[in-house]
Amino acid sequence: MTTQGTNLDQWYDHYADRTAGLAASEVRALFAVASRPEVVSLAGGMPFVSALPKELVSGAMERVMRDSGPAALQYGSGQGLPQLREQILEVMALEGIRAGVDEIVVTTGSQHALELITKLFIDPGDVVLAEAPSYVTALTVFKSFQAEVAHVVMDEFGLVPQALRETIARVRAEGKPIKFLYTIPTFSNPAGVTLTWERRLEILEICRSNDILVLEDNPYGLLYFDGQPPHAMRSVEDDGVIYLGTFSKTLAPGFRVGWALAPHAIREKIILANEAAVLSPSSFTQYVIHEYLSEADWKGQINTFRGVYRERRDAMLTALDDYLPDLSWTNPTGGFYVWVTLPENLDSKSMLPRAVKELVAYTPGTAFYADGSGRNKIRLSFCYPTPDFIREGIRRLSTVINGELELLTTFSQTAPLPVVRPETSVINPPANLS
Ligand SMILES: Cc1ncc(COP(=O)(O)O)c(C=O)c1O
């Protein structure tokens, strides 16, 4: 029996320093409750996979087993299945990217690419530049490699170039090395905003002239509702951009297939890191996706997803207008998320238990900042619940928010307790009454 550790974990003293960044979020337990069917969850970013006909997947799986069974069940290449990489080129061409099949590395979801790239570049104390707010699980990865995140302000047109210049200058003046800019330029998670074309060019120029690599994460780019967004940043810059893509949102996340498109030397290192981590990404799911892309109308299926999410986005924005007209929020033209600003004095994290009690869940804004800001922000996802549930969820949320505001108003209007000054002898004078 060891004498060190804690009551809960006898190995507490044995962990590497970098695991300090792996604390479970305080809202995790609540999310377990929020997954109950009676709760309308506007919290998670789960794609609505039921809009994908099952036969399309089961047919592809059967053909894979019939025609390529032994290979699909075998270890594969650390870079990924060549014939799938060919098809990934077609997918990326839809966003203006031209590349070669050798430039792609298939990974276990784009999340794994994020981890591998962070591992390749980050020493403790190195700086990653990231939008404010940014994708929560990317922040967790950066933290787990002991990176320091320097947030860069964004507005409704995405990352603000001047703020990027200023942040680079400030970090450099502090003598800290900047390793890359992490950005989700299209339908960002969590803000739901899209970087304009002019700003894409300006930001690429700033990074080029400052010798900063860009890590462009693009899971949502093909899920547009109101016309095609600007082409990917990688479409104009080969050498200074690592691009991440995934089949999680345009097909299904259960396959766990994503990819990185990276300049030659970096790509070689990603392959080695991929092999060290998983030997090879799943052959089976790569074969199934290859088969699906070969036989199914995958562009038509993406169109179906667009239609589903557009309807849900509309339901959410209409419900916000109807039930919470005094708040402000972003207007996503694609993707999964709306970013809502609450009144200054509301704290979305402490409000969450009351929301879950009212049977609605959201993600508190603080999850999306490395520096604890975002107290009065919330992320609402419209991807999973049906339009009716979304409307009901927003109605419940309005009850919670209005209740909180009433409570705050009541307390701020309460007159201070009268100070009683004894007229004669003082017995036990109360401390600090004056
Ligand atoms: C911005 C962003 N990047 C990466 C991922 C990870 O996606 P996956 O690993 O399923 O490809 C997500 C998932 O929600 C995301 O929103």
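Everything below is about the structure shown above.
Residues numbered from 1 in each chain as written. Predicted model: local features only at pLDDT ≥ 70, side-chain atom pairs only at ≥ 80, totals over all residues.

## So, the packing of helix α4 (residues 109-121) against helix α5 (residues 136-144)
So, step 1. One way to put it is that α4 packs onto α5 with a least axis distance of 9 Å and a crossing angle of 25 degrees. With respect to α5, the axis of α4 lies roughly parallel. When you trace α4 past α5, the crossing you get is right-handed. Contacts from Gln111, Leu114, Glu115 and Thr118 of α4 reach α5 at Thr137, Ala138, Val141 and Phe142.
So, step 2. Considered class by class, the residues forming the contact of α4 with α5 number four nonpolar, three polar and one charged. (Axes fitted to C-alpha atoms, helices over the stretch in contact; angles between N-to-C directions. Helix = DSSP H or I, 4+ residues; strand = E, 2+ residues; numbered from the N terminus. Parallel < 35°, antiparallel > 145°, perpendicular 65-115°, else oblique. Left-handed = near helix turned anticlockwise from the far one by under 90°. Contact = placed C-beta atoms within 7 Å. Nonpolar A, V, L, I, M, F, W, Y, C, P; charged D, E, K, R; others polar.)

## Things to note about the nonpolar core
So, step 1. Formed by 111 residues in total, the largest nonpolar core has its most connected members in Leu129, Ala260, Ile289, Met316, Ala355, Ala361 and Leu380.
So, step 2. Counting the residues that make up this core, at least three belong to each of domain 1 (24-45 + 300-410) and domain 2 (54-295).
So, step 3. Not counting chain neighbours up to four residues away, the residues in contact with Ala355 comprise Val360, Ala361, Tyr362, Leu397 and Val400. (Core = buried A, V, L, I, M, F, W, Y, C linked by C-beta atoms within 7 Å. Buried ≥ 20, exposed ≤ 12 C-beta atoms within 10 Å, placed from the backbone. Domains from an automatic or database assignment.)

## Digging into the site of the ligand
So, step 1. Around the ligand, the structure places 13 residues, and the nearest of them are Gly109, Ser110, Gln111, Thr246 and Ser248.
So, step 2. Take the shell around the ligand: its biggest share by element is three residues, from α4.
So, step 3. A class-by-class count of the residues in the shell around the ligand yields four nonpolar, eight polar and one charged. (Near = placed C-beta within 6 Å.)

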